[in-house]
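Residue-level listing of the chains:
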Amino acid sequence: MTYDAILLAGFGGPRGPEDVVPFLRNVTAGKGIPDERLTEVGEHYGLFGGRSPINELTDALRDAFADGLRAEGIDLPVIVGNRNWDPYTLDALREIADAGGHRVLTVITAAYSSYSGCRQYREDIAAQVERLGVPLQVDKVRAYFNTPGFVAANVDAVVAAYRESEAAGHPDADLVFVTHSIPDAMEASSAVARPASYAGQHEELARLVSAGAGEVLGRELPWRLVFCSRSGPPQMPWLEPDVNDALAEMAEAGSTAVGLAPVGVIMDHMEGVYDLD
């Protein structure tokens, strides 16, 4: 099988203060959230110059991705197309089609199976292909939460964090893996026709990373999985425990240091720089 281009499917983020509310409108489209609430949430971006770091990091990932492919003898354009902000999926697919491309391989910047981290991207791509009205075949790589490179990158991050913690006098920091929470109903549907659900995939990665990091550090690393960034009506059950509740419980139980590994994201955005700060 041959491809004409690779679509790096991203989430997107505001590039400046004027983008914040329009970006949040895109993210919450169809949910009926008033602009007043979006403005309130958008104040978080004001702490970081009214922008998200995700755009530059996605571009850096694109460049590293293309360089890595060329090192393997594969010379294909890697095009960024975001679901929620410029450059949009439509822009990326139009660029590919205008260059004569017919077959596209998609890598989503989310490593796990869920509606918001997989199917919603697929639906967006399908809708934009239909909108373009061009004969594009778009394939998607599988969820890559347990591929060796993704595991190794997270092992490296955990090892580096523990060495910093040891140097600061906290050699026995507790290892906590954290990811974005999703509704319980989405968790249940994520396991359909798959060996593991969204949470189960995180648990598999956590086992692999804790084992790999423990081997490097020469000791066992007990761990737990927690969740962050819950939203939606309070009566709707979401995956728990919340990271803040978990950290409070751990502190009450005597923990004095924690290694917090945000394995739910592959690059920093507001979940990392605000929600987990």
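These remarks concern the structure in this document. Residue indices follow the written sequence of each chain, beginning from 1 at its first position. Totals for whole chains, interfaces and linings use every residue, but because this is a predicted model, local features are given only for residues with pLDDT of at least 70 and side-chain atom pairs only at 80 or more, for both listing and counting. Heavy atoms throughout the structure, all of them, feed into the side-chain values; hydrogens and water do not.

A closer look at the pairing of strand E1 (residues 5-10)
So, point 1. Using a 1.4 Å probe on the protein chains alone, a residue whose accessible area is under 20% of its type maximum counts as buried, one over 50% counts as exposed, and one in between counts as partly exposed. Only DSSP runs of H or I covering at least 4 residues are called helices, and only runs of E covering at least 2 are called strands; the numbering of each starts at the N terminus. The element E1 is extensively covered by neighbouring structure, given that 6 of its 6 residues are classed as buried.
So, point 2. Residues Ala5, Leu7 and Ala9 point to one face of E1 and Ile6, Leu8 and Gly10 to the other, with burial holding for every one of them.
So, point 3. A pair of strands is treated as paired once DSSP finds two or more bridges between them. In this sheet, strand E3 (residues 103-108) lies alongside E1 in parallel orientation, the contact comprising 5 bridges. Bridge assignment links Ala5 to a residue of E3, and that residue is Val104.
So, point 4. Summarising the sheet, E1 and strand E2 (residues 78-82) pair through 5 bridges and their orientation is parallel. The partner of Ile6 across the bridge, within E2, is Val78.

Comments concerning the pattern of salt bridges
It is possible for side chains of opposite charge to pair when their charged atoms get near one another.
So, point 1. Put simply, a salt bridge is a Lys or Arg side-chain nitrogen that is within 4 Å of an Asp or Glu carboxyl oxygen. Within this structure, the stated rule accounts for 10 salt bridges.
So, point 2. Between Arg37 and Glu40 there is a salt bridge, and its shortest N-O distance comes to 3.0 Å. Taken together, the positions of Arg37 and Glu40, both in helix H2 (residues 35-46) and 3 residues apart, correspond to about one turn of that helix.
So, point 3. Two residues, Asp91 and Arg94, come together in a salt bridge whose shortest N-O distance is 3.9 Å. Of this pair, Asp91 and Arg94 both sit in helix H4 (residues 89-98), 3 residues apart, roughly one helical turn.
So, point 4. The network of salt bridges with common partners includes Asp59, Arg62 and Asp63.

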